[in-house]
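# Structural description and commentary
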Amino acid sequence: MSDSVDVTAWLHEFARLIAEHKDELTALDSAIGDADHGTNMDRGMTAVVKALDEGGGGSPSTLLKQSGMKLISTVGGASGPLYGTAFLRMATAAGDAPALDGPTFAKALRAALEGVVTRGKAVAGDKTMFDALSPAVDALDAALADGQSLTEALTTTVAAAEKGRDATIPLVARKGRASYLGERSAGHQDPGATSVTLLLAAAATAAGA
């Protein structure tokens, strides 16, 4: 087993997790958003998998770029541009690397976070996907610097994302439609932070396969 994340396996697993948690994501979004996050992400990831299966492969950068463009064109609401931008930034960061090994994956994930910040203008505590993704990126960098394998580091990364996701529950939203609710947005887990945790869990599975 190579210590890297296979992009095709990663995205297939992410699509599977999104489908499995579609109703949960939509229920979370119904409390503080448009009640369509699960449906939109499932539609987008179904399209991504179809494109991957029909495309015949390619470099990590090519696959990530293809997936980002597909998400932008098929996912509605804020999620399409945010996830699409994240994947496009990952593609650029991956460059001509033949595989997403530890350093390359960490670089790509950091670029994804920067893309999300640029697109969504979110910061810590806004009750968005940033609150799960940012601590996860930092945890991955720290784990790899500590000498952990990518597989081990991704376990740490997922735990950090889960902690950040759970920390969104008491927050009052400051971005997106949820912010319109003011104090009523407190007490609900953010759907974007939830789906990005699934993205990282899928990466951990793909690296350990």
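Residues numbered from 1 in each chain as written. Predicted model: local features only at pLDDT ≥ 70, side-chain atom pairs only at ≥ 80, totals over all residues. Heavy atoms only, no water.

Along the chain, T168 turns up in the loop between α8 (150-167) and α9 (191-208). With relative accessibility at 0%, the residue T168 sits in the buried group. Each residue touching T168, except ones within four places of it in the same chain, is listed here: K127, T128, D131, H188, Q189, D190 and A193. There is a polar contact of 3.0 Å between the side chain of T168 and the backbone nitrogen of D190. (Helix = DSSP H or I, 4+ residues; strand = E, 2+ residues; numbered from the N terminus. Buried < 20%, exposed > 50% of the residue type's maximum accessible area, 1.4 Å probe, protein only. Contact = heavy atoms within 4.5 Å. Polar contact = N/O pair within 3.5 Å; in protein donor to acceptor, adjacent residues only side chain to side chain.)

Taken as a whole and judged by the stated rule, the model has three aromatic pairs. For the pair W10 and F87, a centre-to-centre distance of 6.1 Å together with 40° between the ring planes defines the contact as tilted. With a gap of 77 residues between them, W10 in helix α1 (residues 7-20) and F87 in helix α5 (residues 79-94) connect regions that are remote in the sequence. Overall, the relative accessible area of 1% leaves F87 in the buried class. For the ring pair W10 and F105, a centre distance of 5.3 Å and an interplane angle of 65° mean the geometry is edge-to-face. Here the residue W10 occupies a position in helix α1, and F105 occupies one in helix α6 (residues 102-120), the gap between them amounting to 95 residues. Here W10 and F105 have matching classes, each one buried. Three or more aromatic residues joined by ring pairs make a cluster, and in this case those are W10, F87 and F105. (Phe/Tyr/Trp six-rings, centres within 6.5 Å; stacked < 30°, edge-to-face > 60°.)

Let us now look at the pattern of salt bridges. Should the charged atoms of two oppositely charged side chains come close, the side chains can pair. Per the counting criterion, the structure on display carries seven salt bridges. One salt bridge connects R16 with E13, and the closest N-O pair in it is separated by 2.9 Å. Note that R16 and E13 are positioned in helix α1 at a spacing of three residues, about one turn of the helix. Given the relative accessible area of 15%, E13 is considered buried. One salt bridge in this structure joins R16 and E20, with 2.9 Å as the shortest N-O distance. Note that R16 and E20 are positioned in helix α1 at a spacing of four residues, about one turn of the helix. In the salt-bridge network here, residues are joined through shared partners; they are E13, R16 and E20. (Salt bridge = Lys/Arg side-chain N within 4 Å of Asp/Glu carboxyl O.)

Quick look at helix α2 (residues 22-32) now. Within α2, the full set of buried residues consists of L25, T26, L28, D29 and I32. Axial view of α2: buried residues confined to an arc of 160°, hence all on one face. (Arc of directions from axis to C-beta.)

Sequence separation between E13 and G102 is 89 residues, and the spatial gap between their C-alpha atoms is 19 Å. Beyond its immediate stretch of four places on either side in the chain, E13 contacts A202 and T205. A polar side-chain atom of E13 sits 2.9 Å from a polar atom in the side chain of R16.

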